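Spelled out from the first residue to the last, the chains are:
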Amino acid sequence: MTRNSDLVTAVEDSLKAPSVHNTQPWRWRFRGNDTELHADRGRQLTGTDPEGRDLMLSCGAALHHLRVALAARGLGCTVDLQPDPGDGDHLATITPTSGPVDPIAAELYRQVDRRQTERRRMSHRPVPPELLAELAEQARHAGAVLVPIADTATREQLAAAFREAAARQRFAPGYAAELQLWTRRPAGTHDGIGAGNIVAPAANESPLRAFPGHGQLDQPRPAAGSGAPEAADTGDAAELMVIVTEGDDTADRLRAGEALSAVLLHATRHRLATTPLSQATEVAQARSAIGRALQTAAQPQILVRVGWPATTAGDLPATPRRDLWSVLLPS
Ligand SMILES: Cc1cc2nc3c(=O)[nH]c(=O)nc-3n(C[C@H](O)[C@H](O)[C@H](O)COP(=O)(O)O)c2cc1C
């Protein structure tokens, strides 16, 4: 297999990256031995994500998926971030190299097809601190910092930030329409979030985003005969973590997206369930409140919920993706 076909199939793998509302706001262009990642502004959620943070995080996740896919093919890469001063949406040019191969990225490849967003209640079994430390190391390796929320008081402040964001977004022009648009996609669009991945509304709880009322995903039942509180109506032992970066420019947001991808894939490797949570970082006031709660000058980019899946939770349906030809820019 030639290197060019490796690059093409690696870009195809990158399309499995998570993205806000499964908008897949990326375009790819092949140029000689390189590939270019571009933001697709037509897919920005201007009501939900007016600053374009989620869009950049999603593109950063795709970039990290590409690194992982190249590493699995025995290739390294150089990444030139924002190489064109005249085109801020040309986010990166990636050149595959024969080495060195990032061993951490190569290990994550098998998780690309397994990772899914879990919105149901998780188990009451706590996540061991060693695993949380490994997730933080993944984020650090990708150029960001993962801050675990260790104490109840900070967790409560975060929950308040989510409530504030939800309250403000209720009246934000376009927010509700975007939720409807991206959860009720016409046949053949291969994007958006299907009803089978959205929890039935009565059971939804903070800090999860409230999706429109047509969710069909049931909460897991308590394990039969266990008498255990797992999956009972009393919350769970999922951990909340915040990905932060030093600055807040496009490169910082891309790095945060790379870190998000690394954290989600590494968690999947250990059979942990994950939910990216961006509602509180989409609203300026709520995002500032998170910074105050963490007592940091660093920039909150996104939250991640991580926990063991409930033992009685069934499989989630696969989420759709557009194919390579739908996201290619002319070379
Ligand atoms: C930047 C970003 C923000 C996201 N925000 C949320 C969120 O607030 N709530 C949620 O339930 N899922 C959120 N997600 C998860 C996406 O909805 C999910 O990745 C997408 O629907 C594809 O599904 P999958 O992750 O199962 O492949 C987010 C993902 C990304 C990358």
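J.: Looking at this structure, I do not really get the environment of Ser58. What am I missing?
T.: Along the chain, the position of Ser58 falls in helix 2 (residues 53–72). For the pair Ser58 and Arg253, spaced 195 residues apart in sequence, the C-alpha separation works out to 9.2 Å. Those residues in contact with Ser58 that lie beyond four places of it in its chain are Ser19, Val20, Thr23, Pro25 and Gly257.

J.: Which parts of the structure should I look at to understand the packing of helix 5 (residues 152–170) against helix 9 (residues 284–294)?
T.: Axis angle and axis distance: for two packed helices, these are the angle between their axes and the distance between the axes, and together they describe the pair. Orientation of helix 5 relative to helix 9, taken along the N-to-C sense of each, is 175 degrees, at an axis distance of 8 Å. In terms of their interaxial angle, helix 5 and helix 9 are classed as roughly antiparallel. Here helix 5 contributes Thr154, Gln157, Leu158, Ala160, Ala161, Glu164, Ala165 and Arg168 to the contact with helix 9, which in turn contributes Gln285, Ala286, Ala289, Ile290 and Ala293. Grouping the amino acids of the contact of helix 5 with helix 9 by side-chain chemistry returns 8 nonpolar, 3 polar and 2 charged.

J.: Can you walk me through the sheet that holds strand 5 (residues 145–148) in this structure?
T.: Adjacent strands of a sheet pair through backbone hydrogen bonds, lying either parallel or antiparallel. Strand order in the open sheet formed by 4 strands is 5-6-8-7, with antiparallel pairing between adjacent strands. Sheet topology places strand 5 and strand 7 (273–277) at the edges, where each strand pairs with a single neighbour. Averaged over all pairs of adjacent strands, the angle between their axes in this sheet comes to 30 degrees, without regard to strand direction. As paired elements, strand 6 (residues 239–245) and strand 8 (residues 299–307) share 7 bridges and run antiparallel to each other. Directly across from Met241, in strand 8, lies its bridge partner Val304. The strands touched by helix 4 (residues 129–141) are strand 5, strand 6 and strand 8; relative to strand 5, the strand with the most contacts, the crossing angle is about 155 degrees.

J.: Explain helix 5 to me, please; I cannot follow it from the model alone.
T.: Every α-helix winds through 3.6 residues per turn, so residues three or four apart in the chain are directed the same way. Here helix 5 is 19 residues long and its end C-alpha atoms lie 27 Å apart, about the 27 Å a rise of 1.5 Å per residue gives. For helix 5, the elements touching its buried residues are helix 6 (175–183), strand 6, helix 8 (279–282) and helix 9.

J.: Could you clarify how one ought to interpret the site of the ligand in this entry?
T.: Near the ligand, the surroundings consist of 21 residues, among which Pro18, Asn22, Leu57, Thr117 and Ser278 are the closest. Counting only elements with at least two residues in the shell around the ligand, the list comes to helix 2 and strand 7. Split by residue class, the shell around the ligand holds 8 nonpolar, 10 polar and 3 charged.

J.: It is not clear to me how helix 6 should be interpreted in this structure. Could you clarify?
T.: Among all positions of helix 6, only Tyr175, Leu179, Trp182 and Thr183 are buried. The buried residues of helix 6 all sit within an arc of 95 degrees when viewed along its axis, so they share a single face. Along helix 6, the residues that are exposed and aim more than 90 degrees away from the buried face are Ala177 and Gln180. For helix 6, the elements touching its buried residues are helix 5.

J.: Could you clarify how one ought to interpret the sheet that holds strand 2 (residues 34–39) in this entry?
T.: Across the sheet, which stays open at both edges, the 4 strands sit in the order 1-2-4-3 with antiparallel pairing between neighbours. The sheet is open, and its two edges are formed by strand 1 (26–31) and strand 3 (76–81), each paired on a single side. Averaged over all pairs of adjacent strands, the angle between their axes in this sheet comes to 25 degrees, without regard to strand direction. One ladder, built from 4 bridges, connects strand 2 with strand 4 (residues 90–97); its direction is antiparallel. What sits directly across from Glu36, in strand 4, is Thr93. Here helix 2 sits on the sheet and contacts strand 1, strand 2, strand 3 and strand 4; the angle it forms with strand 2, its principal contact strand, is near 160 degrees.

J.: Help me understand the nonpolar core, please; the structure alone is not making it clear to me.
T.: One recurring pattern in soluble globular proteins: nonpolar side chains tend to sit buried together. Formed by 72 residues in total, the largest nonpolar core has its most connected members in Cys59, Ile243, Ala259, Leu260 and Val263. Considering every element that reaches this core, the biggest residue donor is helix 2, with 13 residues. Taken together, domain 1 (3–113) and domain 2 (129–307) each give at least three residues to this core, which thus spans both. With residues up to four places along the chain from it excluded, the contact list for Leu260 reads Leu57, Ala61, Ile243, Pro276, Ile302 and Val304. Core analysis: the second largest hydrophobic core is formed by 8 residues, Tyr175, Ile193, Val199 and Phe211 among them.

Definitions and cut-offs
- Sequence order as written defines residue numbering, which begins from 1 separately in each chain.
- Restriction of local features to residues with pLDDT of at least 70 applies here, the model being predicted, together with a cutoff of 80 or more for giving and counting side-chain atom pairs; totals for whole chains, interfaces and linings are based on all residues.
- Numbering of helices and strands starts at the N terminus; helices are DSSP runs of H or I of at least 4 residues and strands are runs of E of at least 2.
- By the convention adopted here, residues are in contact when the distance between their C-beta atoms, placed from the backbone, does not exceed 7 Å.
- Convention adopted: a line fitted to C-alpha atoms gives each axis, helices being fitted over their contacting stretch, and angles between N-to-C directions are expressed from 0 to 180 degrees.
- Here is the rule for angles: anything less than 35 degrees is roughly parallel, anything more than 145 is roughly antiparallel, 65 through 115 is roughly perpendicular, and the remaining ranges are oblique.
- Each residue is assigned to one class: nonpolar for Ala, Val, Leu, Ile, Met, Phe, Trp, Tyr, Cys and Pro, charged for Asp, Glu, Lys and Arg, and polar for all the others, Gly among them.
- DSSP bridges decide pairing: two strands pair if at least two such bridges lie between them.
- Each helix should span, by expectation, one fewer than its residue count multiplied by 1.5 Å.
- By definition, a residue lies near a molecule or strand provided its backbone-derived C-beta atom is within 6 Å of it.
- Comment: burial labels come from other C-beta atoms within 10 Å of the residue's own C-beta, placed from the backbone, where a count of 20 or more is buried, 12 or fewer is exposed, and between is partly exposed.
- Throughout, the arc means the angular range of directions from the helix axis out to the C-beta atoms.
- Residues of type Ala, Val, Leu, Ile, Met, Phe, Trp, Tyr and Cys that are buried and joined through C-beta atoms within 7 Å form what is called a nonpolar core.
- By convention here, the domain bounds are inherited from an automatic or database domain assignment.

Just distances and angles here, no functional claims.
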